[in-house]
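# Working through the structure, step by step
The primary structure of each chain is shown beneath.
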Amino acid sequence: MSVSMRCEKCRSEALKIGAKTTGVTFVGIEGEEKDKVVVIGEGVDAACLVVRLRKKVGFADIISVTDVDDT
């Protein structure tokens, strides 16, 4: 997900929101500008997570949703 994060406090808040979401096993920040939140888990509702990020942090957009194989 791409999230508009202007400061370190915004990044911290985005990580907290991701970690509190049901089914999440990993939350991290990636990208050159540290503007992408990576969420890994089982049964995560991406749309609900984006709505929560938009309310608390700022603009958020889903970049991709993929299945991860357990090989």
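Now for a look at the structure at hand. Please read these numbers as outputs of a predicted model, since none were measured by experiment. (Residues numbered from 1 in each chain as written. Predicted model: local features only at pLDDT ≥ 70, side-chain atom pairs only at ≥ 80, totals over all residues. Heavy atoms only, no water.)

## Section: the side chain of Arg-11
Looking at the element boundaries, Arg-11 is found in helix α1 (residues 8–20). In this view, Arg-11 contacts Met-5, Ile-29, Glu-33 and Lys-34; residues no more than four positions away in its chain are not counted. (Helix = DSSP H or I, 4+ residues; strand = E, 2+ residues; numbered from the N terminus. Contact = heavy atoms within 4.5 Å.)

## A few points about the nonpolar core
If you look at the biggest cluster of nonpolar residues, it comprises twelve residues: Met-1, Val-3, Met-5, Cys-10, Ala-14, Ile-17, Val-37, Leu-49, Val-50, Leu-53, Val-57 and Ala-60. Those residues in contact with Ala-60, other than ones at most four positions away along the chain, are Ser-2, Val-3, Val-50, Leu-53 and Arg-54. (Core = buried A, V, L, I, M, F, W, Y, C linked by side-chain atoms within 4.5 Å. Buried < 20%, exposed > 50% of the residue type's maximum accessible area, 1.4 Å probe, protein only.)

## Here we look at the pattern of salt bridges
Taken as a whole, this structure holds two salt bridges when the rule is applied. Across the pair Glu-8 and Arg-11 runs a salt bridge whose closest N-O atoms are separated by 3.7 Å. With a gap of three residues between them, Glu-8 and Arg-11 both fall in helix α1, about one helical turn apart. Lys-36 is the partner of Asp-35 in a salt bridge, and the nearest nitrogen-oxygen pair spans 3.5 Å. Take Lys-36: its relative accessible area is 34%, and that puts it in the partly exposed class. (Salt bridge = Lys/Arg side-chain N within 4 Å of Asp/Glu carboxyl O.)

## Topic: the packing of α1 against helix α2 (residues 46–56)
Between α1 and α2, the least distance of the axes is 10 Å, while the angle of their chain directions is 150 degrees. With respect to their mutual orientation, α1 and α2 come out roughly antiparallel. Here α1 runs over α2; the crossing is right-handed. Within the contact between the two elements, α1 uses Glu-13, Ala-14, Ile-17, Gly-18 and Lys-20 and α2 uses Leu-49, Arg-52, Leu-53 and Lys-56. (Axes fitted to C-alpha atoms, helices over the stretch in contact; angles between N-to-C directions. Parallel < 35°, antiparallel > 145°, perpendicular 65-115°, else oblique. Left-handed = near helix turned anticlockwise from the far one by under 90°.)

## Quick notes on the layout of surface pockets
Each pocket or cavity is described by its volume, and for the largest pocket that value is around 650 Å³. Forming the boundary of the largest pocket are 21 residues, of which Val-39, Ile-40, Ser-64, Val-65 and Thr-66 lie nearest the centre. Of all the secondary structure elements, the ones that give two or more residues to the lining of the largest pocket are β3 (36–41) and α2. For the lining of the largest pocket, the element with the highest residue contribution is β3, accounting for six residues. Here the residues of the lining of the largest pocket sort into twelve nonpolar, four polar and five charged. (1 Å grid on protein atoms, 1.4 Å probe; cavity = no way out; pocket = protein on both sides within 12 Å on 5 of 7 lines; lining within 4 Å. Points joined across faces, edges and corners; volume = space filled by probe spheres on them. Nonpolar A, V, L, I, M, F, W, Y, C, P; charged D, E, K, R; others polar.)

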